[in-house]
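Coordinates in review
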Amino acid sequence: MKRMIALLLMMCTLTACASGAPEAADPPETPPAETAPKEQAAAPESIEGTATFSQAAPEQLTYAVELETLADSAKAEDGTELAVRTYVLPRMSVEREDGTAVTEAATPEEETALAAAGTFNSQFESWAASDNFDEITSWAEEERVFRVESGLARHPYSLELTCEVYQTDRLVSVRAEYYSNTGGAHPNTVLLAWNFDLTTGQFFAPELLASDGQAFSQAVLDVLLEQSRETAASYDLAPEEFFWANYAEILSGWSSYAVSFDETGMTVGFSPYELASYAAGAQVYHLDYDQIAGYLSGHGLTVLGLSAGEK
């Protein structure tokens, strides 16, 4: 009997120990955002290399720019070709990290990226739509009738645009040349350029890259004046003889002409007739980055992919 009682007491003791043992500790609660370790902190929104937007789950977005050709023509009732246009235009698309194209936004970040691409593409769509092709076709028809009646040979009018694209993680710079032959004494060529900031989703004027736009504009003008004197001297002429007499005034407005960027620096282009006679041709100036870096703001350096040490 004593053994039975002892056994019962032992079992009760074991049961009491089991029920009183501490339970396994729960995992520690996730610390609030303000005390979370740095490596857990959300990454800031940025567009750097690829566009990183989402804080909770960063989504890698990239901007791809490809050249697309718009080609069409207009014909007379008898089938005679009146005018032909061929435009090579840049077009921007947005891609996810896996390479799939973003056509409809699934996140606010994708919506922002698509808006930037839309701003870029609409610029070139608007340019192509504003070329007065219908009016030019009408001129071509009038000339065709005149030449047929006069027994003269004729050629269809021709409009062409060619583009070169320089793209980095933060910049798309488009340099273009527009050629038109619409029955005049000679064809015409116009130099064009567009610069797009991928960090803001907007086109920009070059002065916006500078910490002091006025100082930057004057520094560039000084270089252009020097290069102009060198060009004129190579023909044994004074600048006022080789260029238009008010060439310095024209150069002072350089940022409203064809300004583009590439890996070597900044180019400023003036079409024939803009700075000198048609016979003198286009006038193109180039500035290395070391000539302009000192005038750029932090944002300007970032957009052009330059380091602060290059200032």
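All of the points below concern the structure found in this document. Please read these numbers as outputs of a predicted model, since none were measured by experiment.

The rules we used
Residues numbered from 1 in each chain as written. Predicted model: local features only at pLDDT ≥ 70, side-chain atom pairs only at ≥ 80, totals over all residues. Heavy atoms only, no water. Helix = DSSP H or I, 4+ residues; strand = E, 2+ residues; numbered from the N terminus. Contact = heavy atoms within 4.5 Å. Areas by Shrake-Rupley, 256 points an atom, 1.4 Å probe, with all protein chains shown as cover. Pairing = 2+ DSSP bridges. Axes fitted to C-alpha atoms, helices over the stretch in contact; angles between N-to-C directions. Patch = residues over 30% accessible without salt bridge, like charges linked within 9 Å, V, L, I, M, F, W, Y side chains within 5 Å. Salt bridge = Lys/Arg side-chain N within 4 Å of Asp/Glu carboxyl O. Buried < 20%, exposed > 50% of the residue type's maximum accessible area, 1.4 Å probe, protein only. Core = buried A, V, L, I, M, F, W, Y, C linked by side-chain atoms within 4.5 Å.

What follows is about the overall build of the protein. Looking only at helices and strands, the protein features eight helices and 11 strands. Of the contacts made within the protein by residues no fewer than 6 positions apart, 55% connect residues no fewer than 24 positions apart. Here the protein displays about 18000 Å² of accessible surface, and carbon together with sulfur accounts for 53% of that area.

Let us look at the sheet that holds strand S11 (residues 283-288). Strand order across the open sheet formed by three strands is S9-S10-S11, with antiparallel pairing between neighbours. Either end of the sheet is taken by a strand with one partner, and the two such strands are strand S9 (258-261) and S11. Pairwise comparison of adjacent strand axes, ignoring direction, gives a mean angle of 20° for this sheet. Relative to strand S10 (residues 265-270), S9 is paired through four bridges, and the arrangement is antiparallel. Residue pairing in the sheet places Val 259 in a bridge with Val 268 of S10. In this fold helix H4 (residues 213-233) packs onto S10 and S11, with an angle of close to 125° to the strand it touches most, S11.

With that settled, the discussion passes to a nonpolar patch on the surface. A cluster of nonpolar side chains, Trp 244, Tyr 273 and Tyr 278, forms an exposed patch at the surface whose accessible area comes to about 290 Å². Here Trp 244 is to be found in the loop between helix H5 (239-242) and helix H6 (247-252).

Moving on: the pattern of salt bridges. By the definition in use, this model includes eight salt bridges. Between Arg 144 and Asp 78 there is a salt bridge; the shortest N-O distance is 3.4 Å. With Arg 144 in helix H3 (residues 133-150) and Asp 78 in the loop between strand S3 (60-75) and strand S4 (81-96), the pair connects residues that are 66 residues apart, well separated along the chain. Judged by its relative accessible area of 14%, Arg 144 falls in the buried class. Two residues, Arg 96 and Glu 110, come together in a salt bridge whose shortest N-O distance is 2.8 Å. Placement of the pair is Arg 96 in strand S4 and Glu 110 in helix H2 (residues 108-129), with a sequence separation of 14 residues. Three or more residues joined by partner-sharing salt bridges are found here, namely Asp 72, Arg 85 and Asp 131.

Here we come to the nonpolar core. Counting residues in hydrophobic clusters, the biggest one holds 35 residues, and the most contacted among them are Leu 251, Trp 254, Phe 261 and Met 266. Looking at this core, the elements with two or more residues in it are H4, H6, S9, S10, S11, helix H7 (289-292) and helix H8 (298-304). When residues of this core are assigned to their parent elements, the largest contribution, seven residues, is made by H4.

Each regular strand carries side chains that alternate between the two faces of the sheet. As paired strands, strand S6 (residues 171-181) and strand S7 (residues 188-197) are joined by 10 bridges and run antiparallel to one another. Residue pairing across strands places Ala 176 opposite Leu 192, the latter belonging to S7. Taking the residues that link successive antiparallel strands as the turn, the S6-S7 hairpin has six residues, and the phi of Gly 183 there is positive, at about 85°. Sheet topology note: the S7/strand S8 (residues 202-203) ladder contains two bridges and is antiparallel. By the bridge assignment, Asp 197 is partnered in S8 with Gln 202. The antiparallel hairpin formed by S7 and S8 contains four residues in its connecting segment, where Gly 201 sits at a positive phi of about 75°.

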